[in-house]
Amino acid sequence: MGTGTGIGRVRGLGSAKEGAHHWLTQRYTAVGNLLLVLWLLFSLISLPGLDYDSVVAWIANPLVAVPMMLMLVSIFLHLRLGMQVMLEDYVHDKGLNFLCILLLNFYAIGGAAAGIFAIAKIAFTGTAE
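Remember, it's a predicted structure, so these values are computed and weren't measured experimentally.

Peer 1: Could you give an account of helix H4 (residues 62–90), with specific residues and numbers?
Peer 2: For H4, with 29 residues, the first-to-last C-alpha span of 42 Å sits near the 42 Å given by 1.5 Å per residue. Listed in full, the buried residues belonging to H4 are Val-64, Ala-65, Pro-67, Met-68, Met-71, Leu-72, Ser-74, Phe-76, Leu-81, Gln-84 and Leu-87. On its buried face, H4 is in contact with helix H2 (19–46), helix H3 (52–59) and helix H5 (94–125). With a side-chain oxygen lying 3.0 Å from the backbone nitrogen of Leu-63, the N-terminal cap of H4 falls on Asn-61.

Okay, here's the thing in structure tokens:
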């Protein structure tokens with residue numbers, strides 16, 4: 001059958017069948033980040049001015065606010081996936097690994113939520129103050 005040794009199956013050693021999904025998701029977010037950051041750069045370059053009022057008016061446009069929010073979600077998801085792999089590889093203590101990944105999840109979710117809130121506030125009120 002080829003599923004490893006009996007003791008390996010008992011200990012749970014071997015593939016967890018999650019690596020391919022994780023790897024693909026990180027690649028998809030990388031492509032999404034590339035496209036969205038290029039959109040952001042070209043959009044900023046095409047603005048007539050980069051003063052505060054121009055940028056706030058630009059972000060208040062729903063056709064700008066939605067891609068900005070998607071970019072934030074994609075960037076923070078990509079960050080979480082990459083840092084999770086690094087932590088799993090280099091933090092060997094189980095308890096410390098769990099704590100680090102828990103803090104990473106709070107940071108990624110909190111950062112994305114704060115960014116989305118800031119963009120939504122500008123989009124709905126027309127001001128960042």
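Text resumes after the structure shown.
Peer 1: Any details on the nonpolar core? Residues and values, ideally.
Peer 2: Leu-40, Trp-58, Ile-59, Met-68, Met-71 and Ile-119 are the most contacted members of the largest nonpolar core, which has 15 residues in total. Counting only elements with at least two residues in this core, the list comes to H2, H3, H4 and H5. Here this core gets six residues from one element, more than from any other, and that element is H4. Not counting the four nearest positions on each side in its chain, Met-68 is found in contact with Trp-39, Leu-40 and Ile-119.

Peer 1: An account of H3 is requested, with residue identities and associated values reported.
Peer 2: Of the residues making up H3, those classed as buried are Val-56, Trp-58 and Ile-59. Buried positions in H3, seen along its axis, are confined to an arc of 160° and lie on one side of it. Residues of H3 that are exposed and angled more than 90 degrees away from the buried face: Asp-53 and Ala-57. At its buried positions, H3 is contacted by H2, H4 and H5.

Each value, and the rule that gives it
- Within every chain, residues take consecutive numbers counted from 1 along the sequence as written.
- Owing to the predicted nature of the model, reporting of local features is limited to residues with pLDDT of at least 70; listing and counting of side-chain atom pairs is limited to 80 or more, with chain, interface and lining totals taken over all residues.
- In computing side-chain properties, one takes all heavy atoms of the structure into account and sets aside hydrogens as well as water.
- Helix and strand assignments come from DSSP, with helices taken as H or I runs of at least 4 residues and strands as E runs of at least 2, each series counted from the N terminus.
- Here the expected length of a helix is defined as 1.5 Å per residue gap, with one fewer gap than residues.
- Relative accessibility under 20% of the residue-type maximum defines a buried residue, over 50% an exposed one, and the middle range a partly exposed one, all with a 1.4 Å probe and only protein chains included.
- Residues count as neighbours in contact if any of their non-hydrogen atoms are within 4.5 Å of one another.
- Polar contact is the term for a pair of N or O atoms within 3.5 Å; when the atoms are in protein, one must be able to donate a hydrogen and the other to accept it, and sequence-neighboring residues count only if both atoms are side-chain atoms.
- We call a set of buried Ala, Val, Leu, Ile, Met, Phe, Trp, Tyr and Cys residues a nonpolar core when their side-chain atoms join them within 4.5 Å.
- Starting at the helix axis, one direction is taken to each C-beta atom, and the arc is that of these directions.

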